[in-house]
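Architecture at a glance
So the chains spell out like this:
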Amino acid sequence: NAGVTQTPKFRVLKTGQSMTLLCAQDMNHEYMYWYRQDPGMGLRLIHYSVGEGTTAKGEVPDGYNVSRLKKQNFLLGLESAAPSQTSVYFCASSLQTLPGGYTFGSGTRLTVV
Amino acid sequence: AQSVTQPDIHITVSEGASLELRCNYSYGATPYLFWYVQSPGQGLQLLLKYFSGDTLVQGIKGFEAEFKRSQSSFNLRKPSVHWSDAAEYFCAVGAYTGRRALTFGSGTRLQVQP
């Protein structure tokens, strides 16, 4: 009954460092998404995947890369972190794009100093 | 491309009072529409969704929403608010074509006064 699990939950990075955020789902969902949440801006789509081995850009993809090597995992990478990437990152998955809606993870709070 | 506007950034209501949160969308065809709720420090939970049929949809926790095509709106309502409803609420729209992912509004933070 894990649903969507994000690791880590919190992280502080220095400018220029790299890191990978992991999203894992155990619901056999085809679609997975990465969003970032910033105050007053709602959730903005970074990248998404419509199946194993496929990825696509969202609204704000610059500075991020993703991989979906296994159906259950969707990784978000920051190659060279910048303070503008300080945000809360949410992963979500869905059985089909629409109309089922998403199941969200609990988020990763990332601070870049 | 689709878009969502939530005109109210912050709303305060008294416990027991009725609630209406506004959502306006922009999309060329009939959209899929959703309302999500986020409690502090938590992920988002689906409250309700609309994709066809009856324009008044019922959700969890006593919430309902009405799709009005003529007004491009999907407002969320609750007849009597409880203190536990204090949270941030997000409206989202999905499209049938193009980028097949949800577009979210900027959110409305609900505060409930005792």
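Read on for an overview of the structure.

The rules we used
- Residues numbered from 1 in each chain as written.
- Chains lettered and ligands numbered in written order.
- Predicted model: local features only at pLDDT ≥ 70, side-chain atom pairs only at ≥ 80, totals over all residues.
- Heavy atoms only, no water.
- Helix = DSSP H or I, 4+ residues; strand = E, 2+ residues; numbered from the N terminus.
- Rg over C-alpha atoms; globule rule 2.2 N^0.38 Å.
- Phe/Tyr/Trp six-rings, centres within 6.5 Å; stacked < 30°, edge-to-face > 60°.
- Buried < 20%, exposed > 50% of the residue type's maximum accessible area, 1.4 Å probe, protein only.
- Disulfide = S-S within 2.5 Å.
- Contact = heavy atoms within 4.5 Å.
- Buried area = accessible area lost by both parts, 1.4 Å probe.
- Salt bridge = Lys/Arg side-chain N within 4 Å of Asp/Glu carboxyl O.
- Polar contact = N/O pair within 3.5 Å; in protein donor to acceptor, adjacent residues only side chain to side chain.
- Nonpolar A, V, L, I, M, F, W, Y, C, P; charged D, E, K, R; others polar.

Considering the overall build of chain A
A count of helices and strands for chain A gives zero helices and eleven strands. Taken from the N to the C terminus, the helices and strands of chain A come in the order β-β-β-β-β-β-β-β-β-β-β. In terms of overall size, chain A behaves like a compact globule, its C-alpha atoms giving a radius of gyration of 13 Å where 113 residues would be expected to give roughly 13 Å. With the C-alpha coordinates aligned to their principal axes, the bounding extent of chain A is approximately 35 × 30 × 25 Å.

Quick notes on the packing of aromatic side chains
All told, the structure shown has 17 aromatic pairs over all chains when counted by the stated rule. Arranged with centres 5.9 Å apart and planes meeting at 65°, the rings of Tyr 64 of chain A and Tyr 89 of chain A form a pair that is edge-to-face. In this pair, Tyr 64 of chain A is assigned in strand β7 (residues 64–67) and Tyr 89 of chain A in strand β9 (residues 87–94), connecting sequence segments 25 residues apart. Overall, the relative accessible area of 0% leaves Tyr 89 of chain A in the buried class. Seen from their ring centres, Tyr 50 of chain B and Phe 74 of chain B are 6.4 Å apart, and the 45° between their planes marks the pair as tilted. Placement of Tyr 50 of chain B in strand β6 (residues 44–50) and of Phe 74 of chain B in strand β9 (residues 73–78) is noted, with a sequence separation of 24 residues between them. Overall, Tyr 50 of chain B belongs to the buried group, its relative accessible area being 4%. Through successive ring pairs, a cluster of aromatic residues spans Tyr 33, Tyr 35, Tyr 48, Phe 90, Tyr 102 and Phe 104 of chain A together with Phe 34, Tyr 36 and Phe 104 of chain B.

Concerning the state of the cysteines
All names here are of chain B. Evaluation of the coordinates by the stated rule reveals two disulfides over all chains. One disulfide in the model links Cys 23 with Cys 91; its S-S distance is 2.0 Å. With the S-S dihedral at roughly -65°, the linkage between Cys 23 and Cys 91 falls on the left-handed side. One end of the pair, Cys 23, is in the loop between β3 (19–21) and β4 (24–26); the other, Cys 91, is in strand β10 (residues 87–94), and 68 residues separate them in sequence. Summarising the burial analysis for this pair, Cys 23 and Cys 91 share the class buried.

Topic: the interface of chain A and chain B
At the interface, 22 residues of chain A touch 21 residues of chain B. Summed over both partners, the interface of chain A with chain B comes to about 1800 Å²; 62% of that surface belongs to carbon and sulfur atoms. Where chain A touches chain B, the interface holds zero salt bridges. Linking chain A to chain B there are four residue pairs in polar contact (both at pLDDT 80 or more). Secondary structure elements with two or more residues in the side of chain A that touches chain B: β4 (31–38) and β5 (42–51) of chain A. Classifying every residue of the side of chain A that touches chain B by side-chain character gives eleven nonpolar, nine polar and two charged.

Fair warning: the whole summary comes from geometry, so function is off the table for now.
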